[in-house]
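Next come the chains, spelled out residue by residue.
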Amino acid sequence: MTRLTLLALAAGLAIAPAPSHAQVAFGNSATVLGDEILVGEPHHELRSGLLYVFRPEGGGWMQAQSLEAPDASPGDRFGISVAGEGSDLLVAATRAEGGAGTVYHFTRSGGNWQPAGRLVPNDRTGADSLGTGLALDGDWALVSSIAQGQGRGAVYAFRRSGG
């Protein structure tokens, strides 16, 4: 009985971006945040990557917004990892800035996500792939970099300050 329930639930959540989009690596990352489903597509054709925001509508899920890095460049892999909590959202672009990687912070404003800044450690180098893993909990964000330190890897802890 449990198996049938899980299959029905999974079938009910099948979502995809509007057909006009490239759909290359759609679903590479995904998270649920409140009543939204956020899905990354880091290899979007001719773009830096996209993060799609879906909201429930009419018994299904409709694309409500798509996010791109404010300083996007083709091949950045924006959307390769994502984490969110409350009105905060982190989206990584592991190939941004020549492979060093960048993690973008978005906040919800007026029902939509808006760019709010970036998380960048002070010892980042050209091929770190910052943002391969993300976690967000309250005022803390964890950001991994699999290639930092000549391939040894690192996890950075960022703490929100000032409110």
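Shown above is the structure to which this text applies.
Here is a short report on the structure shown in this document. Per chain, the residues get numbers from 1 upward, laid out in the order the sequence is written. In keeping with the model being predicted, local features are shown solely for residues with a pLDDT of at least 70 and side-chain atom pairs are shown and tallied solely at 80 or more, while totals for entire chains, interfaces and linings include all residues. Side-chain descriptors were evaluated using all non-hydrogen atoms of the structure, hydrogens and water having been removed beforehand.

Under the scheme used here, helices are H or I runs from DSSP no shorter than 4 residues and strands are E runs no shorter than 2 residues, and both carry numbers assigned from the N terminus. Per the secondary structure count, the protein chain includes two helices and 11 strands. Each of the 163 residues in the protein chain was classed as buried or not, and the buried ones make up 39%. Contacts spanning at least 24 positions in sequence make up 39% of the contacts within the protein chain whose residues lie at least 6 apart. A total accessible area of about 8600 Å² is found for the protein chain, and carbon and sulfur atoms account for 53% of it. Each residue is assigned to one of three classes by its accessible area relative to the maximum for its type, calculated with a 1.4 Å probe on protein chains only: buried under 20%, partly exposed between the two thresholds, exposed over 50%. The contact criterion used is simple: two residues touch if any of their non-hydrogen atoms lie within 4.5 Å. All accessibility values rest on the Shrake-Rupley procedure with a 1.4 Å probe; residue burial counts only the protein chains present in the view.

On to the sheet that holds strand β11 (residues 154-159). A strand pair is defined by DSSP finding two or more bridges across the two strands. Strands sit in the order β9-β10-β11 across an open sheet of three strands; the sheet is antiparallel. The open sheet is flanked by β9 (130-137) and β11, the only strands paired with a single partner. Shown here is a sheet whose adjacent strand axes are inclined to one another by a mean of 20°, direction ignored. Across six bridges, the pairing between strand β10 (residues 140-145) and β11 is antiparallel. Among the inter-strand pairings, S145 is bridged to a residue of β11, identified as A154. Between N-to-C directions, angles cover 0 to 180 degrees, with each direction set by a line fitted to C-alpha atoms, over the stretch in contact for helices.

Note that L90 resides in strand β6 (residues 88-93). Counting along the chain gives 53 residues from L90 to V143, while the straight-line C-alpha distance between them is 9.5 Å. Excluding its chain neighbours within four sequence positions, the residues that come into contact with L90 are S81, V82, A83, V103, Y104, H105, L119, L134, A135, L136 and A141.

What the four strands build is an open sheet, ordered β1-β2-β3-β4; its pairing is antiparallel. Sheet topology places β1 (29-33) and β4 (60-67) at the edges, where each strand pairs with a single neighbour. Averaged over neighbouring strand pairs, the angle between their axes works out to 25° when direction is ignored. Bridge count for β1 against strand β2 (residues 36-41) is five bridges, and the pairing is antiparallel. Residue T31 lies in a different strand from β2, and its bridge partner there is L38.

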